[in-house]
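Given next are the chains, with one letter for each unit.
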Amino acid sequence: MMPRDPDKHSDPAASSVSLAAEAALLEARVRLLQEEIDTVDARIKAVSDALRLLRRTSSASPQAADNADQCGPSGRKDADGPTDDAGEAAKRSTPC
């Protein structure tokens, strides 16, 4: 049997007080983290709502319909332009 360390748990009352203090500290940290999580959740919800509103606004705007008319099924501009290789490459690489 190993000898007991006289500094560790020699007094049950002191150990209880120490554990209670640690528990209080951990509870305070948990509350702080929960508040931070709530703040992040609120920010995520606000950003999601803003993005949802932007999607509705952009899909309902007449300009969105104009952009859809100018773009082909690949999502690239179908503008008339030069027919040389450089012009064709430029048309293909120009997104809507």
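As shown above, the structure is provided for reference.
What you are looking at is a predicted structure, and each value in this text was computed from that prediction instead of being measured.

Definitions and limits used
- Residues numbered from 1 in each chain as written.
- Predicted model: local features only at pLDDT ≥ 70, side-chain atom pairs only at ≥ 80, totals over all residues.
- Heavy atoms only, no water.
- Helix = DSSP H or I, 4+ residues; strand = E, 2+ residues; numbered from the N terminus.
- Buried < 20%, exposed > 50% of the residue type's maximum accessible area, 1.4 Å probe, protein only.
- Areas by Shrake-Rupley, 256 points an atom, 1.4 Å probe, with all protein chains shown as cover.
- Salt bridge = Lys/Arg side-chain N within 4 Å of Asp/Glu carboxyl O.

1. Description of the overall build of the protein
Step number 1: Of the regular secondary structure elements, the protein holds three helices and zero strands.
Step number 2: Going from N to C terminus, the protein has its helices and strands arranged as α-α-α.
Step number 3: Across the 96 residues that make up the protein, the buried fraction comes to 4%.
Step number 4: For the protein, the accessible surface area stands at approximately 8,500 Å², while carbon and sulfur atoms represent 60% of it.

2. Re the pattern of salt bridges
Step number 1: By the definition in use, this model includes two salt bridges.
Step number 2: Ionic pairing is found between Asp-49 and Lys-45, a salt bridge with its closest N-O pair at 2.9 Å. Of this pair, Asp-49 and Lys-45 both sit in helix H1 (residues 12-60), four residues apart, roughly one helical turn.
Step number 3: Using a relative accessible area of 31% as the deciding quantity, one classes Asp-49 as partly exposed.
Step number 4: Among the ionic pairs, Arg-52 bridges to Asp-49, the shortest N-O distance being 2.9 Å. Within this pair, Arg-52 and its partner Asp-49 are both found in helix H1, separated by three residues, close to a single helical turn.
Step number 5: Residues joined in a network through salt bridges with shared partners are Lys-45, Asp-49 and Arg-52.

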